[in-house]
Amino acid sequence: MFTIFVGSDVDIKVVAKPTNPTSNVSTFFFTRNDGVLPMTSAVTDESSVDPRAKGQAVLWTPVSSDIGDHILCARVQDSAGFDSLPRCVIIRVKDAPVGVSSTTVHGKPAFLHWPSNGEIACLVGSNCRFPIYAFSSTAGGITGISLTSSTAAGCHISSLKDGSTIQSGAKMVDISFQDTSIGSKKICLTASDVNAVIMKCFEAIVRPKDPCEIQPCKNGAECVTNGDKTSFVCMCRAGYAGTTCDIAPDKCDPNPCKFGGTCRSLGLHFECVCTSGYVGIYCDNVLDTCRPDPCGSHGVCEDVTGGYTCHCQDGYSGNDCAVHSSSPVDPCTANPSAAGCSCSALCVAPNGICVGTKGSKTCLCSKGFSGSDCQSPTSYGPPNPKFVPPTPEGGDLIKCERNTYMRSPCILSVYTSPDLGMSSAPLVKTVLPPGKVTISISSPADPQIAGIPNIYRFDVKITAQSNADPKLHICLQVAKSTDQTHATDTNCFNVEYEFKHGVDPWGTHIQTNNKFVDPTLPDQSEIVCEVGKPCHFFVYASKENGSCRHVLTSDIVTTTVFDPTDLGTSCMTDVVYDFQSSAVAGTIKKLCVKSGDTGDVRCFNMRSVAAIVDYCSSNPCQNGGVCGSSQGTFVCTCTDGYTGLSCEKGPCRPTTTPHCNNGGYCYSIGTTKTCFCKLGFLGPTCTDKSQDTVVNAKINGSKFKDGTLPKEAKCYVGYPCEIPTTLIGDTCTSPMVTPGYVSGELDVQKTMITKDPASPSDYHASVEVVSKTSGHHQICIQSINTAGQIADEVCVIVNAVNGHVYLPSKSRAYFVDPTLPDGSSVECETSKPCHLTLWVHNYDSEDSCPSVKSSDEASTGVYIHQATGTSVTGPCKVDVVFHDDQPKIYTNICFTATSTKQDVFGGDGEVRCYDVNIVNTLSVVGSCASTLCQKGGFCDGHQATSNCVCLSGYSGLLCSITHGESLTDPAPIPGVTTQTTFGDFAVPKLIRCTENEECEVSFTFTRPGGDTTTLPSIHLGHVDSDLTVRPPTVSTDPHTPEGTYHGKVKVVGSRPGNKKVCVHTPTNSPNVVGDEICFDVDVSSHGTNSAPHNTNQPHFIEPTVPPDSTLQCSPGKTCHVIMHMSPGLNHECPSLVQTQGPSDDLHMFHSDSSHVIGSCAVDVALTPPASKQGTDTLCFKTSLPYIPGESRCFNVDYFPIVSGPCHGVTCYHGGVCGVNGLCVCPIDHSGPNCGDI
């Protein structure tokens, strides 16, 4: 593959030889997929390859209209007419590098359209070719463009060519390389004319081939690459595993075998080994000991643990009810006409049945009749329709069947009174159905219950999806047919899905013609009965041989069964259960009924209650919730958006005047209303503006308010990571935000500020950092006011971890920068606005804003103001609001970007989770907040107490003292009223110089309170032999205050070795030595020191400390090292970065500050703690954009510095204080102070 940038020449040669020894190469044929006939060179002899080889090249200079992928194919024909197989290559044409703007200077060479870092990007292994242009106005113009260095493999440069297509008089070359390793490749070139040379470097990128292009993910999985496309991750569909999702789901994981069954994997299949009592493919069929029926035609079988029990009908006994008993339980069974065995002659079916013990017989009425003789028909009256018995009560529990893959429909009946005076039946409808549940209601029908001619039966069919909640609360409403919007009655009951029989392994329940049919309540359902009152329920059974069979019951004492009613296609039986008055409320009795003497069996749980109470009579459900009675209390089914026991939590009900203003969301818990204000507004009803909390933000500066404050950002080593913050500032003036303290393990890439489009005063600031190493690193972000004062500061921990950043799948909704990285944590102050801003984008090809959902609800204090509109002009902004008056921690609260697009993953896209800490006192506020370090000082706020780091020449807590701190701090000298002291420059200890070359040593000294009208002098003290030291020079600098002076000493060593030099300051007494410093000069012969740096590129200049020298700093004091630089042949000042050594106690004042000494200099301020000891090696590198410069290292020793031994020594008559602190007298004087003649 070839990657060619517009402007470069394509020169692809094809070499061929014939396979037939008697033939020769005849013709080359070239074709392009777009039909364009390529230009070619003449056929050339390639005998160096093979004696009979020939070659021909395709010549092409792509233009902008050629951008895209092209296929070039070649074939060769020999003189015998035989063709070769075609050979094809892909040529990817990319747009010409736009590059960075270059300023051409008259008389100097300059590169044109110099590529930006990363602009030249080619796939790994491809042949990459691009143009480089240069221009010079010097006579003769550019004379050469040379490749000086390259880390790209196989990098070549063409000969110099005309580049006038870019600019008249310009020259160009083609650069090509082919590298099989991915990553950044530095390429450096020089351009020269007859007078000068310029050098520049840029970084090309060798990109990996997109690992997802070959579709490595199997079984419908989605492939997602990491940030640099060096690897991929397959997002497997449910159940699949493996790097490429090639591992099919383990059929035994999760275990499909129910009720303790053991799963045996058989490749693509499985086998369930069931526990005792269960059978079936999934062990989800209960081994029902009642099938086949062991109790015959005179008993009702109940399946019990370990076996079965036959409940015999009166007059039969035995384990299987096969023994006809001569002593029935009820004597009246054998002799119904005996005295005490009958009721009134009016107590006859279907109205009633004579029940009870002998002598205490009473007439038990069927559902349709009442009265002592059951002669009074039941009438449900006026005026509105309502649910009537035997509709399930609120406490009834309907048990529905499910197996592994499905939930069988549940069918039951409800009954209503009529819509009196109307010819049509009332309407029954569902209200607030549970999710994933379908409820259908049949047309009204006559239930054919004797004695109740004016009611209607509706069959309700409940169908739940396999993933629906197994416990449902179903509510129905009845309304007049003429007013269907206003319900006249509500009835709710519980439905529970559970594993039951599934498929009967013997099939016995389908072998009989007589079985229970819908709408008989499902097996194991629970029926509520009132103590002391008959409890009616109906069962329905199929006919046997065209006739209805009598239903049998397992409890002949408390249960009465009426004769069945023929409904035409089925039979209906009224079953009455009676909890006696002595029964205890809450008792549950199992009752089994049989559809005939050879029929089906269903068992029900009969639960007693003291009274059936309408718990909804007080209308406890709020906000449109529907009330139902259940288990001795009320249950509210809430409308969408509402929660709570009484549906009391949710959106405030609409009012004429909104409770929350300016778009705030109103949330109520009962009568208490809470406003979730939009960003930029606050107060109980969102009427206040956030900007009012900051006094005169234009002058005083912006504050980190409104938004969540980042506490810890999770970032990946080597990858850019954005840390977002929110500020309240001036409406018209953008805040000034800058990094404060920055850990040496972090590189700050850029700082960005954007105004929130929906808030008048809120701004979003983000700082992009790159972590060099793993671990916890700190960065402080400062808001600066117009006076240079730090208005506010937040300090963030960067939790840098190793690993890859995987790009989110753009086939679903995803988050974009500057959204806080996943796994981060934030802080907010209680009772203060707390907004977390998320930026989100919809899936590719969809511009509408997606929504974001939270794992927590508004009831927990979280609400999301969704984005509206589109993402055409930028990502959609989502405002998450946290509202809490008390400390609280939201641990791992997750936000999911969602869209309407449905696929195997549903509509959910990327998920990001955070820890949100609501605290009384913020821990992330930096100690520099509201601090004003004067005179250009820098505030370091990452410690509990702020620290102003002063520029050289200033000192004090706030840098207000107009002289630097003396590192030597000499003691007062008796009799001396004024002494000049050395200042805040790091004191030289060992200066490394080259033999016979001049070394320059600089220092500062101050004369506080003294005369500033004349320059003080600096005197040489002891100087070792073989050293030539020029007299010290003294000057002032416009960037330092009056009274601070700069001194220089220039030293030349005539032979290698270690020498000593001392200098000292004067006092107001001319014979008394003031402050003194002494340092060693290590003179090396030529060639032993490192080679000088290329002065055409950025480099250090004197009086910068020489390489490998050693300086001294006093612990607990700030010392300064001034790094002076030259741009070489360039024009702007170089930048300086630290490349080695600790950085926590180091700050660099760059030359863009008007306070820094020199025009191209950096003031490196070191503030070691008082406990600091030992030596550090510090290294710095200077550079310009894309142009590398010199690196330089030096050592710093940390120990208390004292003035030299000559401090305070008096030497008369021109005597000089020596290295040992003793006076060296002239030849005509002697004595300790040279006072003797």
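Here is what the cut-offs are and how they apply
Residues numbered from 1 in each chain as written. Predicted model: local features only at pLDDT ≥ 70, side-chain atom pairs only at ≥ 80, totals over all residues. Heavy atoms only, no water. Core = buried A, V, L, I, M, F, W, Y, C linked by side-chain atoms within 4.5 Å. Buried < 20%, exposed > 50% of the residue type's maximum accessible area, 1.4 Å probe, protein only. pLDDT = per-residue confidence, 0-100. Helix = DSSP H or I, 4+ residues; strand = E, 2+ residues; numbered from the N terminus. Contact = heavy atoms within 4.5 Å. Disulfide = S-S within 2.5 Å. Phe/Tyr/Trp six-rings, centres within 6.5 Å; stacked < 30°, edge-to-face > 60°. Lys NZ or Arg CZ within 6 Å of the ring centre and 35° of its normal. Pairing = 2+ DSSP bridges. Axes fitted to C-alpha atoms, helices over the stretch in contact; angles between N-to-C directions.

Membership of the largest hydrophobic core comes to 43 residues, with the highest contact counts inside it found for Leu1136, Val1164, Leu1166, Phe1180 and Phe1194. In terms of nonpolar packing, the next biggest core, distinct from the first, is built from 38 residues, Ala468, Leu472, Leu521 and Phe604 among them.

Let us now look at the confidence of the model for the protein. On average, residues of the protein carry a pLDDT of 86, and 95% of them reach 70 or more. For the protein, helix H1 (residues 331-334) is the element with the lowest average pLDDT, namely 72, and strand S82 (residues 1110-1113) is the one with the highest, namely 96. Note that residues 501-510 has pLDDT below 50 and, in this model, 23 contacts with residues that lie over four places away or in other chains.

What follows deals with the state of the cysteines. Within this structure, the stated rule accounts for 42 disulfides. Here Cys950 engages in a disulfide with Cys959; their sulfurs sit 2.2 Å apart. Measuring handedness by torsion sign, the sulfur bridge of Cys950 and Cys959 sits at about -95° and is left-handed. For Cys950, a relative accessible area of 6% corresponds to the buried category. Relative accessible area serves as the criterion here: at 0%, Cys959 is assigned to the buried category. Through a disulfide, Cys1206 is tied to Cys1217; the S-S separation comes to 1.9 Å. Measuring the twist about the S-S bond at about -90°, one finds the Cys1206-Cys1217 disulfide to be left-handed. One end of the pair, Cys1206, is in the loop between strand S88 (1187-1198) and strand S89 (1216-1217); the other, Cys1217, is in strand S89, with 11 residues separating them in the sequence.

As a further point, take the packing of aromatic side chains. Here the structure, examined in full by the defined rule, presents 19 aromatic pairs. With a centroid separation of 5.5 Å and an interplanar angle of 70°, the aromatic rings of Phe537 and Phe604 are classed as edge-to-face. You can see Phe537 sitting in strand S41 (residues 534-542) and its partner Phe604 sitting in strand S47 (residues 601-609), a full 67 residues away along the chain. Taken as a pair, Phe537 and Phe604 share a single burial class, namely buried. One cation-aromatic arrangement involves Arg32 over Trp60; the distance from NZ or CZ to the ring centre is 4.1 Å. The ring centre of Tyr1198 lies 5.0 Å from the NZ or CZ of Lys1172, which sits over that ring.

The next point concerns the sheet that holds strand S56 (residues 720-728). To summarise the sheet geometry, strands pair through backbone hydrogen bonds and adopt either a parallel or an antiparallel arrangement. The sheet built from 3 strands is open, its strands ordered S56-S59-S58 with antiparallel pairing. Each edge of the open sheet carries a strand with a single partner, namely S56 and strand S58 (746-755). Sheet twist, expressed as the mean angle between neighbouring strand axes with direction ignored, is 20°. Here 9 bridges tie S58 to strand S59 (residues 762-771), and the two strands are oriented antiparallel to one another.

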